[in-house]
Each structure stands twice: as C-alpha cells, then as structure tokens.
Amino acid sequence: MKFRPLHDRVVVRRIEGEEKTKGGIIIPDTAKEKPQEGEIVAVGPGARNEQGQLVALDVKAGDRVLFGKWSGTEVKIDGEELLIMKESDIMGVVEATTKSGKKAA
C-alpha cells in the first residue's frame, strides 16, 4: 500500500465478524452489523502539542483495536475497503490471550 496518513490519523482494516451465532444460525449479509474491531494498517507520525512538539501515537501497525460504530471515513485503497480515523476514535487495543487466560508474549 502506498498511503501514509497524516498527523494523528490511522488506517484500519475491519476484521470480519462471525458468520454464525453460537447456536449455529447463519447470519445473512443484510442482517450483519459492520464489525467494530479492526487491525491497524498504517499510522501517522503523531499530533503536535501546544508547544509544537510531536506527540507519538499509542498504537502501531498490526495492533487489533476496537472503535466506535460510526468512527472513521471509509475509503478504497488498492481495491481494499479501509477506514481512516483519528487515534482518539479508537477505544482500545485488544490484547492477545492464551486459552488459559494469560496474556500472550
């Protein structure tokens, strides 16, 4: 991808939700909500504070994040549908855990 977001913006690829419910019912495309979880593809250099210093972002490419339902602007880059949003639209980073419930290294 040849796209670099500016300032405190990030590019996010949505992670598709489950096709079935836990009970095994298949959910049709028309009834699905857009997923609110995604993977960061690219990040900008950061925003400037009041003193003009660059403040780096807390997220990095590869992080799995949760964001608001109406967050971001949908764009198509290289044929792929992505979201561009400000870092402040991201609610948090999803940490990987093992089956025992411990945080993965």
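Before reading further, recall that the structure is shown in the block above.
What comes next is a walk through the structure. (Residues numbered from 1 in each chain as written. Predicted model: local features only at pLDDT ≥ 70, side-chain atom pairs only at ≥ 80, totals over all residues. Heavy atoms only, no water.)

**Section: the overall build of the protein**
This is how it is decided: Helix and strand definitions follow DSSP, with helices as H or I runs of at least four residues and strands as E runs of at least two, each counted in order from the N terminus. Only protein chains enter the accessibility calculation, which uses a 1.4 Å probe; a residue is then buried when its area is under 20% of its type maximum, exposed when over 50%, and partly exposed in between. What sets the accessible areas is the Shrake-Rupley method with a 1.4 Å probe; for residues, cover comes only from the shown protein chains.
A tally of regular secondary structure across the protein gives zero helices and eight strands. Ordered by position in the sequence, the α and β elements of the protein form the string β-β-β-β-β-β-β-β. Across the 105 residues that make up the protein, the buried fraction comes to 24%. For the protein, the exposed area adds up to about 7,900 Å²; of that, 52% sits on carbon and sulfur atoms.

**Brief notes about the pairing of strand E2 (residues 37-43)**
Both faces of the sheet carry side chains from a regular strand, because those side chains alternate between them. What counts here: Two strands pair if DSSP finds at least two bridges between them.
Sheet analysis places strand E1 (residues 9-14) next to E2, joined by five bridges and oriented antiparallel. Each bridged residue has a counterpart across the sheet, and for Arg13 the counterpart in E2 is Glu39. Both E2 and strand E5 (residues 64-67) contribute to a ladder of three bridges, which runs antiparallel. When the bridges of E5 are listed, Gly38 appears paired with Val65.

**Notes on the nonpolar core**
Quick note on the threshold: Put simply, buried Ala, Val, Leu, Ile, Met, Phe, Trp, Tyr and Cys residues joined by side-chain atoms within 4.5 Å make one nonpolar core. Contacts were defined at the residue level, with two residues in contact if any of their heavy atoms lie within 4.5 Å.
In terms of nonpolar packing, the biggest core is built from 10 residues, these being Val10, Val12, Ile40, Leu57, Val59, Val65, Phe67, Leu83, Met85 and Ile90. Residue contacts for Val12: discarding those within four places in its chain leaves Gly38, Glu39, Ile40, Val41, Phe67, Leu82, Leu83 and Met85.

**Details of the side chain of Asp8**
Relative to the helices and strands, Asp8 resides in the segment before E1. Exposure remark for Asp8: the relative accessible area of 15% places this residue in the buried category. With near-sequence residues (within four places) excluded, Asp8 lies in contact with Gly46, Ala47, Leu57, Met85, Lys86 and Glu87.

**Quick word on the sheet that holds E5**
The line we're drawing: Where helices are involved, their axes are fitted lines through C-alpha atoms of the stretch in contact, as for all axes, and angles between N-to-C directions lie from 0 to 180°.
The strand order E6-E7-E1-E2-E5-E8 describes an open sheet built from six strands, whose pairing is antiparallel. On the outer flanks of this sheet lie strand E6 (73-77) and strand E8 (90-93), each paired with one strand and no other. Strand-to-strand twist in this sheet, taken as the mean axis angle between neighbours without regard to direction, amounts to 45°. Bridging between E6 and strand E7 (residues 80-86) involves five bridges; their strand directions are antiparallel. Bridge pairing links Thr73 to Ile84 in E7.

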